[in-house]
Amino acid sequence: MPVNLSTSLTEIKGIGPGFLMKFKRLGILTVKNLLWHFPSRYEDWSEVANIEELIAGDSKTIHGIVQSIEVKRLWQRKMVIVEALIADDSGSIKAVWFNQPYIKNILKEGVAASFAGKVSERKRELYLSNPTYELINKNFEGGTHTGRLVPIYPETRGLTSKGIRMMTQKVLDSLDKVPEFMPESILIKNELPEINQALWEMHFPDTRESAERAGDRFAFEELFLLQLNNLYQKIALAKEKAPVVESETKEIETILKSLPFRLTPSQEKSILEILGDIKRPRPMNRLLQGDVGSGKTIVAGIAAIVTAKKNHQVAIMAPTEILARQHYKTLTKFFNDFRGGIGLLLSKESRIFYGDELETETKKNNFIKRVADGKIKIVIGTHALIQKNVNFKNLALVIVDEQHRFGVKQRAALMLNGETVPHFLSMSATPIPRTIMMTMFGDLDLSIISELPKGRKEIVTKVVDRINRDKAYAFIRGQVRRGRQVFVICPRIEPEENELVTWATLQTLQIKSVKEEYEKLKKKVFPDLKVAMLHGKMKSQEKEKTMSDFSRGEIDILVSTSVVEVGVDVPNATIMMIEGSERFGLAQLYQFRGRVGRGEHQSFCFLFTESEGRAVQERLKTLVNAKNGFELAEKDLRLRGPGEFLGNEQTGMPDIAMRALKDPDLIKTTREEAQDTIRQDPNLKNSPNLKARFKEFQREVHLE
Ligand code: ADP
Ligand code: MG
């Protein structure tokens, strides 16, 4: 039966439901899913030898006839061994498998088979140890698992590469010709193989080079589609109407003069970029990127106040209530003569500020009504709260803190009567490498704050050896005595019970957990100080309370997981101590460090590690010397891959494309090809296959 990419695996003959279930576990339901489950590597069994030629240490394939086979039990070790004698014209060799008694039912005496494996030696006798085998006709033609470069796939319990390989081969054999969707000219220009050929060579390559070329093609097509998506999104947004928010140079100068500090050059540049965008009748879609403490809030605040003064409304959304409150404080402090209404909406509290310290607490209903009537110009709250509860009269600008992307759906939810779309500004302290920016976030315009305000003291950063731990504790005590506060970050929440100990997990067992560390610090090390704990499994109200206690100085030492990463400003906190620091990415460590050094006092960052390996030490040293986050982000991308920046959320992109995010040339090329394609044929009329594939891609990839 011929199959095509959309054929469900259930329709393929001769496959049991148990086998199918296992594929399902890998997310493989269709032929397309299966064929796009790419090998992670290849095992080279391509060298075929006569048995006589084999020497210990070889990794080769032999063709032979099974002379005898028997199952032996080693009672004392509860182990089963299958031993076979294989012969070809040149000689014979033993093959041995451990704990796979069923092999005796497959490799019966007299059958012809291929065997690929490592040649070992025991008591001066050569044998094949756990070889891969497959039955084959007497001419020994056409191996799937032996005698070639053999694909090794990401596996799941009960489903080995051999199983996946069998299925893939079966499907490829009966696959209808897959229509090529990439424009031929692009394939030729970039020397990429055609899709049917690429599929074969990805799974059953003749040479490593052809496998690589096939891999290049699939990475290319994925990035190309992504770039098309970015461009179309930009085009679609440019067609939408947005409110025009005028601003005059004079007015901006007045605002800048009223601030207690001078803005840095890149803060000023960012403001001009934003105000320039919102003057236009099409929606802004901009990301404001800047290190922790670089002063993003005031930049956004100026954009908000300019907009509000023109009688438009602004929504400012923060990921947590503490941050929302912080933004409210900042805005009412810097713009205390603004009378249009700055509102703070929290789950249990709502208040409005009408200038000159005139602040009223109000009922939520009243607050929401006032927003609907346009009587609160700037509304500050959490993402969830504003999206769910609030309707605006004339929303012109949405500012989102610490969230990179604001999806089309979220945007639509805030659209007023469907006529205009608000301008959108997001802020983030995560430095995203350029290549990722150009692909995953290619639909956003970018403003970067590249320097910290003058007068910030450099944070003293040290990698602390195990033996100096007590010294570090003594230092912390001294700082707390002077009134300072301390963050302690741990890589995980609690030690896992009944964790199966193996050599591989032994290391993770030693990783500090928040709970253990909290107990230890509270009871043994600092019994006289106020120690508290913060982690992701706590209720959000508990978390908020702990954080606000910490902000108010009621807690000396806060032991936390990475939840503290997101932008809280506690100028009095001067020590950032990171346990198991080797477990974090450089960009992440950089973010942690940015939590201190925000006030007048000298701040410190201590990196603790249980690992004395040179690589770890070197990596941590990079942080000690780092001057900016982008540099580290690029390093992280090389060392740890793009997961660090894109989070664990499913991007829907195959690994092969994710890995390609490291390659600036490929990204540039795919972007240019996408631009050319759209320029020549804006609606893809002449490329129906590409159009169809692109539609599918938009469904597959969740970039929301
Ligand atoms: P982030 O970019 O991490 O959000 P914030 O906006 O919270 O940083 O700014 C950190 C601190 O720096 C705030 O207290 C803010 O008032 C202050 N700040 C911002 N810009 C300047 C500047 N140009 N000069 C001095 N201090 C500034
Ligand atoms: Mg911030």
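Please read all numbers here as calculations on a predicted model, not as lab measurements.

Enquirer: Tell me about a negative patch on the surface, and name the residues and values.
Expert: On the surface, Glu 209, Glu 212, Asp 216, Asp 663 and Asp 665 cluster together into a negatively charged patch. With 3 residues, the single largest contributor to the negative patch is helix 7 (residues 208–239).

Enquirer: Describe the packing of aromatic side chains, and please don't skip the residues or the numbers.
Expert: Within this structure, the stated rule accounts for 16 aromatic pairs. Seen in terms of ring centroids, Trp 200 and Phe 204 are 6.1 Å apart; in terms of plane orientation they differ by 50°. Their pairing is tilted. On the basis of relative accessibility, which here comes to 31%, the residue Trp 200 falls in the partly exposed class. Looking at Phe 204, the relative accessible area reads 6%, which means it is buried. The structure contains a cluster of three or more aromatic residues connected by ring pairs, namely Trp 36, Phe 38 and Phe 218. Above the plane of the ring of Phe 181 lies Arg 217, whose end atom (NZ or CZ) is 5.8 Å from the centre.

Enquirer: Can you break down the packing of helix 4 (residues 161–173) against helix 6 (residues 195–203) residue by residue, with the values?
Expert: The interhelical angle for the contact between helix 4 and helix 6, taken along N-to-C directions, is 160°, at an axis separation of 11 Å. Classified by the interaxial angle, the pair formed by helix 4 and helix 6 is roughly antiparallel. The two elements helix 4 and helix 6 meet at a crossing, and its hand is left-handed. Here Thr 168, Gln 169, Leu 172 and Asp 173 of helix 4 lie close against helix 6, whose contacting residues are Leu 199, Trp 200 and His 203. By residue class, the composition of the contact of helix 4 with helix 6 is 3 nonpolar, 3 polar and 1 charged.

Enquirer: Explain the state of the cysteines residue by residue, including any values.
Expert: Taken as a whole and assessed by the stated rule, the structure comprises 0 disulfides. Cysteine Cys 490 is unpaired, with the sulfur of Cys 605 as its nearest cysteine sulfur at 14 Å. Here Cys 605 falls in the buried class, since its relative accessible area comes to 0%.

Enquirer: Which residues make up the pattern of salt bridges, and what values go with them?
Expert: According to the stated counting rule, one finds 32 salt bridges in the structure shown. Arg 217 is the salt-bridge partner of Glu 180, the closest N and O atoms lying 2.9 Å from each other. Separated by 37 residues along the polypeptide, Glu 180 in the loop between helix 4 and helix 5 (184–189) and Arg 217 in helix 7 bring together distant segments of the chain. Two residues, Lys 668 and Glu 672, come together in a salt bridge whose shortest N-O distance is 3.6 Å. Here Lys 668 and its partner Glu 672 are both found in helix 25 (residues 664–680), 4 residues apart, which amounts to about one turn of the helix. The class of Lys 668 is partly exposed, set by a relative accessible area of 48%.

Enquirer: Tell me what's going on with the site of ligand 1, and back it up with residues and numbers.
Expert: Every one of the 17 residues lining ligand 1 counts as a neighbour, but Arg 262, Gly 293, Lys 296, Thr 297 and Arg 456 are closest to it. Within the contact set of ligand 1, an oxygen atom lies 2.6 Å away from a backbone nitrogen or oxygen of Gly 293. Residue composition of the shell around ligand 1, grouped by class: 5 nonpolar, 6 polar and 6 charged.

Enquirer: Can you tell me about the sheet that holds strand 10 (residues 342–345), naming the residues and giving the values?
Expert: Picture the strands of a sheet paired through backbone hydrogen bonds; they go either parallel or antiparallel. Ordered in space as 12-11-10-13-9-14-15-8-16, the 9 strands form an open sheet in which the pairing is mixed. Two strands bound the open sheet, and with one partner strand each, they are strand 12 (359–361) and strand 16 (445–449). In this sheet, neighbouring strand axes are inclined to one another by 15° on average, regardless of whether the strands run parallel or antiparallel. Sheet topology places strand 8 (residues 285–290) next to strand 16; 5 bridges connect them, and they run parallel. Across the sheet, Arg 286 pairs through a bridge with Asp 445, a residue of strand 16. Its contacts with the sheet place helix 12 (residues 364–372) against strand 9 (313–318), strand 10, strand 11 (350–353) and strand 13 (378–382), and it is angled at close to 45° to strand 11.

Enquirer: Let's hear about the packing of helix 20 (residues 586–593) against helix 22 (residues 629–640): which residues, and what values?
Expert: It is at 7 Å that the axes of helix 20 and helix 22 come closest, and there the two elements cross at 150°. Contact residues: Leu 586, Ala 587, Gln 588 and Tyr 590 in helix 20; Gly 629, Leu 632, Lys 635, Asp 636 and Leu 639 in helix 22. Partitioning the contact of helix 20 with helix 22 into residue classes produces 5 nonpolar, 2 polar and 2 charged.

Enquirer: Please provide a residue-by-residue account of a positive patch on the surface, values included.
Expert: Taken together, the side chains of Lys 685, Lys 691, Lys 695 and Arg 699 make up a positively charged region of the molecular surface. Turning to its location among the elements, Lys 685 is positioned in the loop between helix 25 and helix 26 (688–700).

Enquirer: Can you lay out the side chain of Arg 148 for me, pointing to particular residues and giving the numbers?
Expert: Within the secondary structure, Arg 148 is located in the loop between strand 6 (125–135) and strand 7 (149–152). Buried and without a salt bridge, Arg 148 has Asp 206 as its closest oppositely charged side chain, separated by 4.7 Å.

Enquirer: Provide a residue-level description of the sheet that holds strand 21 (residues 573–578), including the pertinent values.
Expert: Spatially, 17-22-21-18-20-19 is the arrangement adopted by the 6 strands of the open sheet, whose pairing is parallel. Either end of the sheet is taken by a strand with one partner, and the two such strands are strand 17 (460–464) and strand 19 (531–534). For this sheet the average axis-to-axis angle between neighbouring strands, irrespective of direction, equals 20°. Pairing geometry for strand 18 (residues 485–489) and strand 21, over 5 bridges, is parallel. Bridge pairing in strand 21 links Phe 487 to Met 576. Taken strand by strand, helix 18 (residues 514–525) contacts strand 18, strand 19 and strand 20 (557–560), and its axis lies near 175° from that of strand 19. Sheet contacts for helix 20: strand 17, strand 18, strand 21 and strand 22 (604–608); angle to strand 21, the most-contacted strand, approximately 150°.

Enquirer: Account for the confidence of the model for the protein, naming residues and giving values.
Expert: Chain-level statistics for the protein give a pLDDT mean of 86 and a share of 91% at 70 or above. Summarising per-element confidence for the protein, the mean pLDDT is lowest in helix 17 (residues 503–509) (39) and highest in helix 10 (residues 296–309) (97). When the criterion is pLDDT under 50, residues 496–510 qualifies, and its contacts beyond four places in sequence or with other chains add up to 8 contacts.

Enquirer: Which residues make up helix 18, and what values do they have?
Expert: If you check which residues of helix 18 are buried, you get Val 514, Glu 517, Tyr 518, Leu 521 and Val 525. Buried residues of helix 18, viewed axially, fall in a sector of 115°; they line one side. The outward face of helix 18, more than 90 degrees from its buried face, is lined by the exposed residues Lys 523 and Lys 524. Those residues of helix 18 that are buried are in contact with helix 16 (469–481), strand 18, strand 19 and strand 20.

Enquirer: How would you sum up the pairing of strand 21? Please name residues and give values.
Expert: The buried fraction of strand 21 is high, at 6 of 6 residues. Inspection of the sheet shows strand 21 paired to strand 22 by 4 bridges, in the parallel sense. Bridge pairing links Ile 578 to Leu 607 in strand 22. As a crossover connection, the stretch from strand 21 through helix 20 into strand 22 is right-handed.

The rules we used
- Here the residue numbers are simple positions, counted from 1 along each chain's written sequence.
- For naming, the first written chain is A and the first written ligand is 1, with later ones following in the order written.
- It should be noted that, the model being predicted, local features are given only for residues of pLDDT at least 70 and side-chain atom pairs only at 80 or more, the latter also being counted only at that level, while totals for whole chains, interfaces and linings use all residues.
- Each side-chain value is worked out from all heavy atoms of the structure, with water and hydrogens disregarded.
- Here, patches come from residues exposed beyond 30% relative accessible area and free of salt bridges, joined within 9 Å for like charges and within 5 Å for nonpolar side chains (Val, Leu, Ile, Met, Phe, Trp, Tyr).
- Residue-level accessible areas treat just the shown protein chains as cover; the underlying method is Shrake-Rupley with a 1.4 Å probe.
- Counted as salt bridges are all cases of a side-chain nitrogen of Lys or Arg within 4 Å of a carboxyl oxygen of Asp or Glu.
- Positive charges are assigned to Lys and Arg, negative charges to Asp and Glu, while His and the chain termini are left out of the count.
- Charge positions are represented by NZ for Lys, CZ for Arg, CG for Asp and CD for Glu.
- A run of H or I in DSSP becomes a helix once it reaches four residues, and a run of E becomes a strand once it reaches two; helices and strands are each numbered from the N terminus.
- The criterion for an aromatic pair is that two Phe, Tyr or Trp rings (for Trp, the six-membered ring) have centres within 6.5 Å, with stacked assigned to planes under 30 degrees apart, edge-to-face to planes over 60 apart and tilted to the rest.
- Three exposure classes are used, based on accessible area relative to the maximum for each residue type with a 1.4 Å probe and protein chains only: buried under 20%, partly exposed in between, and exposed over 50%.
- Sitting over a ring, as applied to charges here, requires NZ of Lys or CZ of Arg to be within 6 Å of the ring centre and within 35 degrees of the ring normal.
- Every angle, taken between N-to-C directions, lies between 0 and 180 degrees, and every axis is a line fitted to C-alpha atoms, over only the stretch in contact when it is a helix.
- Oblique is the label for any angle not under 35 degrees, not over 145, and not in the 65 to 115 range, which are roughly parallel, roughly antiparallel and roughly perpendicular in turn.
- Helix crossings fall into two classes, left-handed where the near helix is turned counterclockwise from the far one by less than a right angle and right-handed where it is turned clockwise.
- Here, two residues are considered to be in contact whenever any of their heavy atoms come within 4.5 Å of each other.
- Think of it as three bins: nonpolar holds Ala, Val, Leu, Ile, Met, Phe, Trp, Tyr, Cys and Pro, charged holds Asp, Glu, Lys and Arg, and polar takes everything else, Gly as well.
- Cysteine sulfur atoms are paired as a disulfide whenever they fall within 2.5 Å.
- Distances are taken per atom, and a residue is near a molecule or strand as soon as one of its heavy atoms is within 4 Å of it.
- Any N or O atom pair separated by 3.5 Å or less is treated as a polar contact, with the protein-specific requirement of one donor-capable and one acceptor-capable atom, and with residues adjacent in sequence counted only for side-chain atom pairs.
- Strands qualify as paired when DSSP identifies two bridges or more between them.
- As a per-residue measure, pLDDT reflects the predictor's confidence and takes values from 0 up to 100.
- Relevant arc is that of directions from the helix axis to the C-beta atoms, nothing else.
- Throughout, right-handed denotes a crossover for which the path from the first strand over the helix to the second runs clockwise when the strands point away from the viewer.

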